[in-house]
Amino acid sequence: MNAWFNNFRKRYKITREQPQFWHFPKLGFGYIQIPKVATRSIRAGLMGAQGIQAGMNDFSHFENQFSAHMSHANIRKSAAGDMIFAFVRHPLARLYSAYSDKILNARAEGRRNIFACHGVDYSMDFAAFAETVCAID
């Protein structure tokens, strides 16, 4: 594919992304959930702040009441004036976690190499893995 199309595809994906947004208007804040960043612990804390026990049935009701997948523009509109936040992982820690799970653990457990198509092999050390992954467009 040409560079223009790849750039268009990346921009299009960003514009249609709809993260899960948890909104608590009575408390004056909203939380944008980012996958793989302690989401279960954060949700349990939010449930506790609302006085809800952390059971599966309670979670479904809690999720339906306080969250929705929304575009960034709709998040800004629905939570105007409220504090909005998200938690993110340190990029290097996240990269090492991927290396540990997808290379070290996968090799030890005999799982398939999902990064093989990008030139990553099981014999790479972390530095080589990081350089290879960072070179992916």
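By convention here, each chain's residues receive numbers from 1 onward along its written sequence. Reporting in this predicted model follows two pLDDT cut-offs: at least 70 for local features of residues, and 80 or more for side-chain atom pairs to be given and counted; totals over whole chains, interfaces and linings ignore these cut-offs and use all residues. By convention in this description, side-chain values take in all heavy atoms of the structure and omit both hydrogens and water.

Participant: I would appreciate a short explanation of the overall build of the chain in the present structure.
Facilitator: We count a stretch as a helix when DSSP gives it H or I for four or more residues in a row; a strand needs E for two or more, and each element gets its number in order from the N terminus. The secondary structure content of the chain amounts to 6 helices and 4 strands. A buried classification covers 26% of the 137 residues belonging to the chain. As presented, the chain carries roughly 9600 Å² of accessible surface, and 56% of it is formed by carbon and sulfur atoms. A 1.4 Å probe rolled over the protein chains alone gives each residue an accessible area, and that area as a share of the maximum for its type sets the label: buried under 20%, exposed over 50%, partly exposed in between. Here the Shrake-Rupley method, with its probe set to 1.4 Å, supplies the accessible areas, and only the displayed protein chains count as covering residues.

Participant: How should I be thinking about the pattern of salt bridges in this particular structure?
Facilitator: By salt bridge we mean one thing: a side-chain nitrogen of Lys or Arg within 4 Å of a carboxyl oxygen of Asp or Glu. A full pass over the atoms with the stated rule returns 3 salt bridges. Its salt-bridge partner being Asp-101, residue Arg-111 comes within 3.4 Å of it at the nearest N-O pair. Here Arg-111, found in the loop between helix 5 (91-109) and helix 6 (126-134), pairs with Asp-101, found in helix 5; they are 10 residues apart in sequence, far enough to count as distant. One salt bridge connects Arg-111 with Glu-109, and the closest N-O pair in it is separated by 2.9 Å. Residues joined by salt bridges that share partners form a network here, namely Asp-101, Lys-102, Glu-109 and Arg-111.

Participant: Quick question: what am I supposed to make of helix 6 here?
Facilitator: Along an α-helix, a turn takes 3.6 residues, which lines up residues three or four apart on a common side. Within the span of helix 6, buried status applies to Phe-129, Ala-130 and Thr-132. The arc that holds every buried residue of helix 6, seen down its axis, measures 165°, which confines them to one face. Of the residues in helix 6, the exposed ones pointing more than 90 degrees away from the buried face are Glu-131 and Cys-134. Looking at the packing, one finds that the buried side of helix 6 touches helix 5. Read the arc as the range of directions from the helix axis to the C-beta atoms. For this analysis, residues touch if any pair of their heavy atoms sits within 4.5 Å.

Participant: Quick question: what am I supposed to make of the sheet that holds strand 1 (residues 20-24) here?
Facilitator: Pairing between strands requires that DSSP locate at least two bridges from one strand to the other. With mixed pairing, the 4 strands of this open sheet are ordered in space as 3-1-2-4. Either end of the sheet is taken by a strand with one partner, and the two such strands are strand 3 (67-69) and strand 4 (83-85). For this sheet the average axis-to-axis angle between neighbouring strands, irrespective of direction, equals 20°. Inspection of the sheet shows strand 1 paired to strand 3 by 3 bridges, in the antiparallel sense. Axis lines are fitted through C-alpha atoms, for helices just across the contact stretch, and the angle between N-to-C directions can take any value from 0 to 180 degrees.

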